[in-house]
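# Structure at a glance
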Amino acid sequence: MSTSSSVLVTGGAGYIGSHTVIELLNSNQNVVIIDNLYNSSFEAVRRIETITGKKVTFYKVDILDKKALLQVFNQHPEISSVIHFAGLKAVGESTKIPLDYYHNNITGTITLLQAMKEVGIKNIVFSSSATVYGDPPVIPIPETSPIGSTNPYGRTKQFIESIIRDLCTANPDWNAALLRYFNPAGAHPSGILGENPLGVPNNLMPFLSQVAIGKREYLSVFGQDYPTRDGTAIRDYIHVVDLAKGHLAALKKLDDQPGCVEYNLGTGQGSTVLEMVQAFSKAVGRDLPYKIMDRRPGDVTNLTANPTKANTELDWKAEIDLDTTCASLWNWQSKNPNGLEDCPGDAPPELVIKYI
């Protein structure tokens, strides 16, 4: 991709999106961010600028708002590709409000794709998830594993993958990389930017870091009756910076016009919940309290990646180890005990585009 062109990043003020924007800017890519700031903060954009020393182009836009999307595309005709993060993303929450997830994630993506088609943008990197694999028959999981998520969140990702694949089949000049993340963790090494969940965290590591900082009394460990080393579920935890770099590698791959391709982004090493508690306790310097609870609906025993395809075809590999991941998370949380809550969260009015 030419350095004179730009990448549109939807959800670019979120956890993974903001770290990906940093890597794009550090590699001299031009970036335009859109985000509705539903579960993120404009302060993340300011901190991206602090870390990179570069000005960021940002608009507060909802991906369900096609007119607003088209205005951004028309204002920035240099946009040649899209990295699509925007979406609701909690497994547990999705089982309680499935219609919200289907509407926001699927309808929002269709609206984005329609807008892209109208302006002639035909390259997309999609933020998918390992949850599309459901309860996989083979561990570590290859991309050829059967698809069949066990929860509404994962099904939205699964359906969107199918929509994008059908679009690429019908239009051979379209190219897409479907990136199936395993479990993102950690924070930027500067300690300036990290995961900033609003309300009660839905994922293990941000919840555990709030226990460490004193905001939560203890960690709830959901289930200790899984057929694993210690009875708790196994996940593949990948540092968010490694994950961000995977998006740059996928974006570069689209230059080869591969059609629609999918890649696992993970380390290939699985850790149990209790092993993660131990690793993070080591980073903090004290044992962190937890209680064993019943399993959550939709959770599966083991999601560990086989990342061989991404290692080979994208020339990408996760490089940051678990101890460094935990240390970076504690560095962020200890420097920002309230995350970004103490900072103004909304965008300036002149950056808001809304037609809905």
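Going by the structure above, here's the rest.
Residues numbered from 1 in each chain as written. Predicted model: local features only at pLDDT ≥ 70, side-chain atom pairs only at ≥ 80, totals over all residues. Heavy atoms only, no water.

## Examining the overall build of the protein chain
Helix and strand counts for the protein chain stand at 11 helices and 14 strands. Taking 356 residues into account, the globule formula puts the C-alpha radius of gyration at 21 Å, and the protein chain, at 19 Å, falls close to it. Here the protein chain holds 356 residues, and the buried ones make up 56% of them. For the protein chain, restricting intrachain contacts to residue pairs at least 6 apart in sequence, the fraction spanning at least 24 positions comes to 80%. Counting 31 positive and 37 negative side-chain charges, the protein chain places the averaged centre of each group 2 Å from the other. (Helix = DSSP H or I, 4+ residues; strand = E, 2+ residues; numbered from the N terminus. Rg over C-alpha atoms; globule rule 2.2 N^0.38 Å. Buried < 20%, exposed > 50% of the residue type's maximum accessible area, 1.4 Å probe, protein only. Contact = heavy atoms within 4.5 Å. Lys, Arg positive; Asp, Glu negative; His and termini not counted. Charge placed at Lys NZ, Arg CZ, Asp CG, Glu CD.)

## Considerations on the side chain of Glu143
Tracing the chain through its elements places Glu143 in the loop between strand E5 (123–129) and helix H6 (152–170). The side chain of Glu143 is buried and forms no salt bridge, while Lys309, the nearest opposite charge, is found at 5.5 Å. A polar contact of 2.7 Å, which involves the side chain of Glu143, links it to the backbone nitrogen of Asn264. Dropping the residues within four chain positions of it, Glu143 is found in contact with Tyr133, Arg180, Glu262, Tyr263, Asn264, Asn306 and Lys309. (Salt bridge = Lys/Arg side-chain N within 4 Å of Asp/Glu carboxyl O. Polar contact = N/O pair within 3.5 Å; in protein donor to acceptor, adjacent residues only side chain to side chain.)

## As for the pairing of strand E6 (residues 175–181)
A large share of E6 lies buried, amounting to 7 of its 7 residues. Alternating positions in E6 separate into two faces, Asn175, Ala177, Leu179 and Tyr181 on one and Ala176, Leu178 and Arg180 on the other, with burial throughout. Direction of pairing for E5 relative to E6: parallel, over a ladder of 7 bridges. The residue of E6 that forms the bridge with Asn123 is Asn175. You can see the chain leave E5, run along H6 and come back into E6, and the turn it takes is right-handed. Relative to strand E11 (residues 260–265), E6 is paired through 6 bridges, and the arrangement is parallel. Residue pairing across strands places Tyr181 opposite Leu265, the latter belonging to E11. (Pairing = 2+ DSSP bridges. Right-handed = clockwise from strand over helix to strand, strands pointing away.)

## A word on the sheet that holds strand E1 (residues 6–10)
Pairing is parallel across the open sheet formed by 7 strands, whose spatial order is E3-E2-E1-E4-E5-E6-E11. Each of the sheet's edge strands pairs with one partner strand only, and the pair in question is strand E3 (57–60) and E11. Neighbour-to-neighbour, the strand axes of this sheet turn through a mean angle of 20°, independent of strand direction. (Axes fitted to C-alpha atoms, helices over the stretch in contact; angles between N-to-C directions.)

## Section: the pairing of strand E2 (residues 30–35)
In terms of residue burial, E2 counts as a mostly covered element, since 5 of its 6 residues are buried. Sheet analysis places E1 next to E2, joined by 5 bridges and oriented parallel. By the bridge assignment for E2, Leu8 is matched with Val32. With helix H1 (residues 15–26) bridging E1 and its parallel neighbour E2, the resulting β-α-β unit is right-handed. Of the pairings in the sheet, the one linking E2 to E3 comprises 4 bridges and is parallel in character. What sits directly across from Val32, in E3, is Thr57. For the segment spanning E2, helix H2 (residues 43–52) and E3, crossover handedness is right-handed.

## Observations concerning the environment of Leu274
With respect to the helices, strands and loops of the structure, Leu274 is situated in helix H9 (residues 273–284). Residues within four places of Leu274 in sequence aside, it is in contact with Val221, Gln224, Asp230, Thr232 and Tyr290.

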